[in-house]
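Tertiary structure, described
Listed below, chain by chain, are the residues.
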Amino acid sequence: MRVNSPGVRPGYCVVHICIVQDYEQEAVHVGGLDRRPFLQLHSAPMRIVTSTAAMQRLALRWRRAGTRVGFVPTMGYLHDGHLSLLSRARRLVGKRGIIVASIYVNPAQFAPTEDLSAYPRDLERDRVLCRKAGVDVLFLPSDAEMYPGRAPGGHSTHVIEEQLSQGMEGGARPTHFRGVTTVVAKLFNLVLPDVAVFGAKDWQQAAIIRRMTRDLNFPLRLVVAPTRREKDGLAMSSRNKYLSAEERPQATILWRALKLAKEVVTSSRTPNYADVLKSELAALIATQPAARLDYLEFFDGETLQPATAVTRGAHMALAVFIGRTRLIDNAVLG
Ligand code: AMP
């Protein structure tokens, strides 16, 4: 279809017109011109849904039809880590399945002092990446859709995981996981996935979502996919964009600390005292002028219980400020 309406350049298509046609009208109201040639746009059709009601109606339709649905929730500004989750989701649901990706920068998981308004966004680029990655539906809800009436009395139900969310990220960011579990529960109810794919990069988050899924009987399978890294070991993250040219090489210190811990654990015959190993790693991190350690923990990868003696198979996670940018990483040791 070639669009030739007033104000629209011939040969290009207004995204909301193209996508909406075989869907509920309310499903799409992403405006603006897509300046890619129309044929290219249609070689891989992807629907954009912004309304929660339309998303849920679609999901119910898929469920009635017995279509398998794979879901990858994100906050956008996509990188290869996100894309690896999408291809994992595709492998899990097969060619005939539906892949839903969501992009939503959830205000409820940011403290007032954090980077909500500065969080990197590039919806146009994300949309192209999703389409190329074979996403069938890109869910882009607004705050008003997700938290209608956030004004007093509007939204007052939260999902709180009380055990796994206590330490590490939960300790450093006390309201963070309540925001995460609440939004993920809402997204699960809207997308009704058979399988949801999360990244090992956010190990504690994945453990909490797994616990929530089990505790609240969400009928889905949760898959955790490995962390994708840059060549120098830095874990891919949307927040890496904040790093200045001077800070970027220093940011590899998280990976270097993880590697050193792995070496120590694999080369020693007896367990290492967590406190001793922590001090060694803190000293390594302190060699980088822009780095400030927020926390570093050794723990059991399943229960997230802190380990006092560190042996092979223990998990390590750390958060480090590189300048003003707070980065996290984790790995299993040995
Ligand atoms: P975010 O957009 O940062 O909220 O991340 C969305 C999903 O992508 C989460 O499940 C993350 O754990 C996952 N993710 C983020 N970075 C990576 C990475 N480097 N490798 C694999 N998964 C990742």
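The present account deals with the structure reproduced in this document. Because the structure is predicted, anything quoted here is derived from the model rather than measured.

Moving on: the site of the ligand. Among the 17 residues in the neighbourhood of the ligand, the closest are listed as Gly81, Phe198, Gly199, Lys201 and Met236. Elements that contribute at least two residues to the shell around the ligand include exactly helix H4 (80–93) and strand S7 (195–199). For the shell around the ligand, the leading source of residues is H4, giving four residues.

Packing of helix H8 (residues 176–191) against helix H9 (residues 203–215) brings their axes to within 11 Å, and their N-to-C directions diverge by 50 degrees. When the axes of H8 and H9 are compared, the pair comes out oblique. The element H8 and its partner H9 pack so that their crossing is right-handed. Only Gln205, Ile208, Ile209 and Met212 of H9 make contact with H8, whose side of the interface consists of Phe177, Val180, Thr181, Val184 and Ala185. Taken together, the residues of the contact of H8 with H9 sort by class into seven nonpolar, two polar and no charged.

Another aspect to go through is H8. Across its 16 residues, H8 extends 22 Å between first and last C-alpha, which sits within 8% of the 22 Å expected from 1.5 Å per residue. In terms of burial, H8 is a largely internal element, twelve of the 16 residues being buried. Among the residues of H8, His176, Phe177, Val180, Thr181, Thr182, Val183, Val184, Lys186, Leu187, Phe188, Leu190 and Val191 are the ones counted as buried. Positioned one or two residues after H8, Leu192 has a phi angle of 45 degrees, which is positive.

Counting 78 residues, the largest nonpolar core has Val100, Ala101, Val135, Leu138, Val191, Met316 and Val320 as its most contacted members. A total of eight residues in this core trace back to one element, the largest contributor, which is H8. Shared between two domains, this core holds at least three residues of each, these being domain 1 (13–225) and domain 2 (238–332). Among all residues touching Val191, those that are not within four sequence positions of it are Met55, Ala59, Val69, Phe71, Val100 and Phe139.

To continue, consider the sheet that holds strand S12 (residues 315–322). Here we have three strands laid out as an open sheet, ordered S10-S12-S13, and antiparallel in their pairing. The sheet is open, and its two borders are formed by strand S10 (291–299) and strand S13 (325–332), each paired with just one other strand. Geometrically, the sheet is characterised by an average inter-axis angle of 15 degrees between neighbouring strands, direction not taken into account. In the sheet, S12 pairs with S13 via eight bridges, with the strands oriented antiparallel. The partner of Val320 across the bridge, within S13, is Leu327.

Rules used throughout
- Residues numbered from 1 in each chain as written.
- Predicted model: local features only at pLDDT ≥ 70, side-chain atom pairs only at ≥ 80, totals over all residues.
- Near = placed C-beta within 6 Å.
- Helix = DSSP H or I, 4+ residues; strand = E, 2+ residues; numbered from the N terminus.
- Axes fitted to C-alpha atoms, helices over the stretch in contact; angles between N-to-C directions.
- Parallel < 35°, antiparallel > 145°, perpendicular 65-115°, else oblique.
- Left-handed = near helix turned anticlockwise from the far one by under 90°.
- Contact = placed C-beta atoms within 7 Å.
- Nonpolar A, V, L, I, M, F, W, Y, C, P; charged D, E, K, R; others polar.
- Expected span 1.5 Å × (residues − 1).
- Buried ≥ 20, exposed ≤ 12 C-beta atoms within 10 Å, placed from the backbone.
- Core = buried A, V, L, I, M, F, W, Y, C linked by C-beta atoms within 7 Å.
- Domains from an automatic or database assignment.
- Pairing = 2+ DSSP bridges.

No statement about biological role is implied by the geometric values presented.
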